[in-house]
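Here's the letter readout for the chains.
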Amino acid sequence: MTTPLPPGSLIGILGGGQLGRMTVLAAAQMGYRCHVFSPNFYEPAKEVACAQTTASYDDEEAVRAFARTVDVVTFEFENIPDDTLSTIANLSPVRPNVEALYTSQDRALEKKFLNDQGIATVAWQAVTNEFELENAATEIGLPAILKTARFGYDGKGQSKVVTREMLRAAWSELGKTACVLEVFCPFEREISVSLARGHDGQTESYVPVDNVHREHILHTTTAPSSLRLETADRAIVIAQKIANSLDLVGLITVEMFVLDDGTVLVNEIAPRPHNSGHWTIDACTVSQFEQLVRAVVGLPLGSTVRHSNALMTNLIGRDADAWLELSAETNACLHLYGKSEKRPGRKMGHVTRLSPLNGLP
C-alpha cells in the first residue's frame, strides 16, 4: 500500500491549460501545492499554481530540474513527448503511469489495446502508406473517417471520406503520416464515463453522460445520460475494465458510441481530466479534479454521488462575453479560464446549470 503524500506536498503538472488550472484549484483546497510545467508563460494553470516552469518539453535540463522538485507528476493532456515522460519517470512517480499515456497517445495502439481486451470499437485499420490506405478502404468500406494516429483533438487531424478520391486527398492533406481509417458509424448518441482508480485498485465511477458536439468541439454534457439503466451499467463496466487493464492510478474518461440496438463501442480513452467531466465540480460531492488529486497522492477516493442533475455548456470564443448575464442566472455556475485572447473554437470557460435529482439515480 502506497503511503499517502501529506498536505503540503508538491504535485507536478505537465500542461498549463484549463484542465491543469482546475486541478491546481482542487489540490489547493486540499492543502497540496502544484508546480506547472509548460512551454508558454501565460497559461490558465500557471495563474493559480505556486510554482511554474516555462520551457520546451524537449528541454531535458529543465525537465530534470522540474522532476526533482516535485513529489509526484501528473498531466492534463496527452501530447507529451515520449522522452520527456521517460526522463521524469526515472526521477519522480508519474500517475497515471507512462504506459497508460502511451496507449492513449496513438489511435492505432489505443484501438489494438481495446480490442485485445475484448472491448468493441468500430471497424478500423492502421495506415502508414498508400498501399495500406487503399487496402483499408477495401477492408472496412466507405464512408469512413481518416484520423491521424497522433496529435489530434477537437476534430483536428481527421476527415470524413466518402469516395476513394476524397480518401487520397485527405491522406495528402493530413501529411501522409500514420493514420487510422475507421468505418463511419451512424450511432444513436455519444456518451462518456469518467472514473477514478486508486493505488489499491478501488474504482469510483461517475454516471454516464450524454455529449453533443458542434464542429467537432464538445458543446453540451448532460448528466445523467438518459440511457437505459442496463446500457449505462454496461458502459461503467467497460470503463472499469479499461482502467484495471492499464493498472491506472488516477483518472480516466472513456468516450463511447451507443448504437440504436444498445451496443456500446469505445471511441477514445483519455487518462486525465476531461471536458465532459466538468459538471462534477458543481453537481457532485467530489469533482473529477479532486478525484485525480486524491488518486495521485494516495488518498482514498471520494464519493461520486451527485446532489444535482446538470447541463454543462462550453463557452467557445465570444460565448464568454455573456459572463454578466450568466453570472446572474439562477442555478448557473460560471467558470472562466482566464484566457485573454478570444478565438473561434477556443474554450474560454463553461457554465453548469443545476436541477433537482427528481428521483433519478
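Above this note sits the structure.
Keep in mind it's a predicted model, so treat the numbers as computed, not measured. (Residues numbered from 1 in each chain as written. Predicted model: local features only at pLDDT ≥ 70, side-chain atom pairs only at ≥ 80, totals over all residues. Heavy atoms only, no water.)

Undergrad: When you look at the overall build of the protein in this model, what are you seeing that I'm missing?
TA: The helix and strand tally for the protein stands at 11 helices and 17 strands. Against the compact-globule benchmark of 21 Å for 361 residues, the protein has a radius of gyration of 20 Å, which places it among compact chains. Considering only C-alpha atoms, the protein reaches an extent of 55 × 55 × 45 Å along its principal axes. Across the 361 residues of the protein, 55% fall into the buried class. Relative to all contacts within the protein whose residues are 6 or more apart in sequence, the contacts with residues 24 or more apart total 61%. Of the accessible surface of the protein, which amounts to about 15,600 Å², a share of 51% is contributed by carbon and sulfur atoms. Here the protein carries 32 positive and 43 negative side-chain charges, and the mean point of each set is 2 Å from the other. (Helix = DSSP H or I, 4+ residues; strand = E, 2+ residues; numbered from the N terminus. Rg over C-alpha atoms; globule rule 2.2 N^0.38 Å. Buried < 20%, exposed > 50% of the residue type's maximum accessible area, 1.4 Å probe, protein only. Contact = heavy atoms within 4.5 Å. Areas by Shrake-Rupley, 256 points an atom, 1.4 Å probe, with all protein chains shown as cover. Lys, Arg positive; Asp, Glu negative; His and termini not counted. Charge placed at Lys NZ, Arg CZ, Asp CG, Glu CD.)

Undergrad: So what exactly am I meant to see when it comes to the state of the cysteines here?
TA: Formally, a disulfide is one covalent bond, and it connects the sulfur atom of one cysteine to the sulfur atom of another. Overall, the coordinates contain 0 disulfides when judged by the stated rule. Among the cysteines around Cys179, which has no disulfide bond, Cys185 carries the closest sulfur, lying 20 Å off. The buried category is assigned to Cys179, whose relative accessible area is 2%. The cysteine Cys284 is free of any disulfide, with Cys333 supplying the nearest cysteine sulfur at 12 Å. (Disulfide = S-S within 2.5 Å.)

Undergrad: What is the right way to look at unusual backbone geometry in this model?
TA: Excluding glycine, most residues fall at negative phi; most peptide bonds, likewise, are trans. Cis geometry is found at the peptide bond from Arg95 to Pro96, where omega equals 0°. In this structure, Pro96 sits in the loop between α3 (82–89) and α4 (98–105). Residue Pro224 is reached from Ala223 by a cis peptide bond, and omega for that bond is 0°. Within the secondary structure layout, Pro224 lies in the loop between β12 (217–223) and α8 (229–245). In this structure, Lys176 is a non-glycine residue whose phi angle is positive, near 50°. By the element assignment, Lys176 lies in the loop between α7 (164–173) and β8 (179–183). For Lys176, a relative accessible area of 44% puts it in the partly exposed group.

Undergrad: Help me understand the pairing of strand β15 (residues 309–316) in this model?
TA: The two faces of a sheet get side chains in turn, since along a regular strand they alternate between them. Of all the 8 residues making up β15, 6 are buried; the element is thus mostly covered by neighbouring parts of the structure. Note that β12 and β15 share 4 bridges and pair antiparallel. Residue pairing across strands places Ala223 opposite Ala310, the latter belonging to β15. Bridge count for β15 against strand β17 (residues 347–355) is 8 bridges, and the pairing is antiparallel. Pairing of Asn309 across the sheet is with Ser355, part of β17. (Pairing = 2+ DSSP bridges.)

Undergrad: Explanation requested: the side chain of Thr53 in the structure shown.
TA: In this structure, Thr53 sits in strand β3 (residues 51–54). Judged by its relative accessible area of 16%, Thr53 is buried. A polar contact of 2.7 Å, which involves the side chain of Thr53, links it to the side chain of His35. With residues up to four places along the chain from it excluded, the contact list for Thr53 reads His35, Val36, Phe37, Ser38 and Lys46. (Polar contact = N/O pair within 3.5 Å; in protein donor to acceptor, adjacent residues only side chain to side chain.)

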